[in-house]
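Residues per chain, in single letters:
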Amino acid sequence: MSDFFSAVRVRYAPSPTGYLHIGGLRTVLYNWLLARRHGGTFVLRFEDTDRARYVEGSIEKMYAALEQVGLTPDEGIRVVDGQIIDEGPYAPYLQSARRERHVAYAQELIAKKFAYVCFCSKERLAELAEQQKTLKQPMMYDRHCRSLEQAEVDRRMAAGEPYVIRLAAPLEGTCVFEDEVRGRIEVPWAQIDDQVLIKTDGFPTYHLAATCDDHDMKISHVIRGEEWVSSTPKHLFIYQAMGWTPPLFAHLPLLLNPDRSKLSKRQGDVAVEEYLGKGYLPEALMNFIALMGWNPTSDREVYTMQELVQVFDLKKVNKAGAIFNLEKLRWLNAQYLRSMSVESFFAVCLPWIQTLSDDQAFLQRGCLIVRDRVEVPTISVTR
Ligand code: GLU
């Protein structure tokens, strides 16, 4: 790519497994900010190929949360009046509807000898994993089927034996790439597993589907959570094998609890819907999320979305995990509540206080009295 930001096309590609996670919201926001900053396009794709993890209604729920915080896509899946709309120049954006393409790409990889058919049974793989565990070896496929003769492959396929398609990852050398956040990353190819690309049920795995879709949708920057960094060599190898130009990659730091453990449901709310439902303002939440892992200056905390767009810089995102500091969110929320007009502040409080009295003027006076002490409207009333 000659010009780094020519035609920025970014995407958020969640799996519809329930709700919008606060970490997911940060991924959305950074993608969105980069798109807005460079006049690009923010695409929403749903990765629903893992049917076992599919949760009915989650696309609608996640989209509603995005709408509430004002981060709707420029292209891709939309939900209008409860209906999922899948239209656009690179439709479909619902990954399962792209399955035929994924299978065709896998076949092309086999033809080019960058992928192969594997008949290993679940039992054999479980035994292998057990052995590797005992010997404290890295858990990876032993490439048992990589050298099968074509005649044997044809015979077993014709006999209807179940199979998967695996990537034939390079056996030597090093995968080197430049991550926009983490800098230069080097991984010996010998550590990269022969990843399953197509499962026995004929569905693609995330690795194949996401890579092919990112290529087909002309994605320029893949911005996603750090948990995917170790998969990136596999994805880069698919680009190389197919003769495609890869996008740029940026892996965002993990979100951590104050004790530095991974942010999890057990220690508090992680669903965006929960925060909004408790009366955290979308603007305060966005401001807070934006500064988790990136801060344009060290002496300022309050930014409007407009200001964030103007200063957003992917290269300044921190490598280290970002602490989720609820106190700071509450403080920011309070700043936003205090800078609102009296009418808007009253409107924000009303859902939680309307049952207390029928007298609106009385309620409004009450709101104004506590205004300087309130951080979140719900909590101030129920306590
Ligand atoms: N579907 C993946 C997820 O749920 C997307 C990862 C990526 O952005 O490549 O996180």
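Up top is the structure these notes are about.
Residues numbered from 1 in each chain as written. Predicted model: local features only at pLDDT ≥ 70, side-chain atom pairs only at ≥ 80, totals over all residues. Heavy atoms only, no water.

**So, the overall build of the protein**
And step 1. For the protein, the count of helices and strands is 14 helices and 13 strands.
And step 2. For the protein, with 383 residues in total, the buried portion stands at 48%.
And step 3. Carbon and sulfur atoms form 51% of the exposed surface of the protein, whose accessible area is close to 18,800 Å².
And step 4. Here the protein carries 46 positive and 50 negative side-chain charges, and the mean point of each set is 3 Å from the other. (Helix = DSSP H or I, 4+ residues; strand = E, 2+ residues; numbered from the N terminus. Buried < 20%, exposed > 50% of the residue type's maximum accessible area, 1.4 Å probe, protein only. Areas by Shrake-Rupley, 256 points an atom, 1.4 Å probe, with all protein chains shown as cover. Lys, Arg positive; Asp, Glu negative; His and termini not counted. Charge placed at Lys NZ, Arg CZ, Asp CG, Glu CD.)

**Structural notes on helix H2 (residues 58-69)**
And step 1. Between its terminal C-alpha atoms H2 stretches 17 Å, which fits the 16 Å expected from twelve residues at 1.5 Å a residue.
And step 2. Of the surrounding secondary structure, the elements contacted by the buried residues of H2 are helix H1 (22-37), strand S2 (41-44), strand S3 (75-80), strand S4 (83-87), helix H8 (272-277) and helix H9 (282-290).
And step 3. A positive phi of about 80° marks Gly70, the residue just after H2. (Expected span 1.5 Å × (residues − 1). Contact = heavy atoms within 4.5 Å.)

**What to know about the sheet that holds strand S9 (residues 196-198)**
And step 1. One open sheet accounts for three strands, arranged S5-S6-S9; its pairing is antiparallel. Here the strands that pair on one side only, and so sit at the sheet edges, are strand S5 (115-118) and S9. On average, adjacent strands in this sheet sit at an angle of 40° to one another, irrespective of strand direction.
And step 2. Note: S5 against strand S6 (residues 164-167), four bridges, orientation antiparallel. Bridging across to S6, Cys118 finds its partner in Val164.
And step 3. Here helix H3 (residues 99-111) sits on the sheet and contacts S5, S6 and S9; the angle it forms with S5, its principal contact strand, is near 100°. (Pairing = 2+ DSSP bridges. Axes fitted to C-alpha atoms, helices over the stretch in contact; angles between N-to-C directions.)

**Overview of the site of the ligand**
And step 1. Around the ligand, the neighbouring residues are Arg11, Ala13, Ser15, Glu47, Tyr206, Arg224 and Trp228.
And step 2. For the ligand, the accessible surface in isolation is 300 Å², of which the surrounding protein chains cover 81%.
And step 3. Using a 2 Å cut-off from the grid points, one finds that the ligand occupies the largest pocket.
And step 4. Class assignment of the residues belonging to the shell around the ligand gives a composition of three nonpolar, one polar and three charged. (Near = heavy atom within 4 Å. 1 Å grid on protein atoms, 1.4 Å probe; cavity = no way out; pocket = protein on both sides within 12 Å on 5 of 7 lines; lining within 4 Å. Sits in = over half its atoms within 2 Å of the grid points. Nonpolar A, V, L, I, M, F, W, Y, C, P; charged D, E, K, R; others polar.)

**Overview of the environment of Phe119**
And step 1. When you line up the elements, Phe119 lands in the loop between S5 and helix H4 (122-134).
And step 2. For the pair Phe119 and Ser344, spaced 225 residues apart in sequence, the C-alpha to C-alpha distance is 63 Å.
And step 3. Excluding residues within four positions of it along the chain, Phe119 makes contact with Cys145, Leu148, Val153, Arg156, Met157, Glu161, Pro162 and Tyr163.

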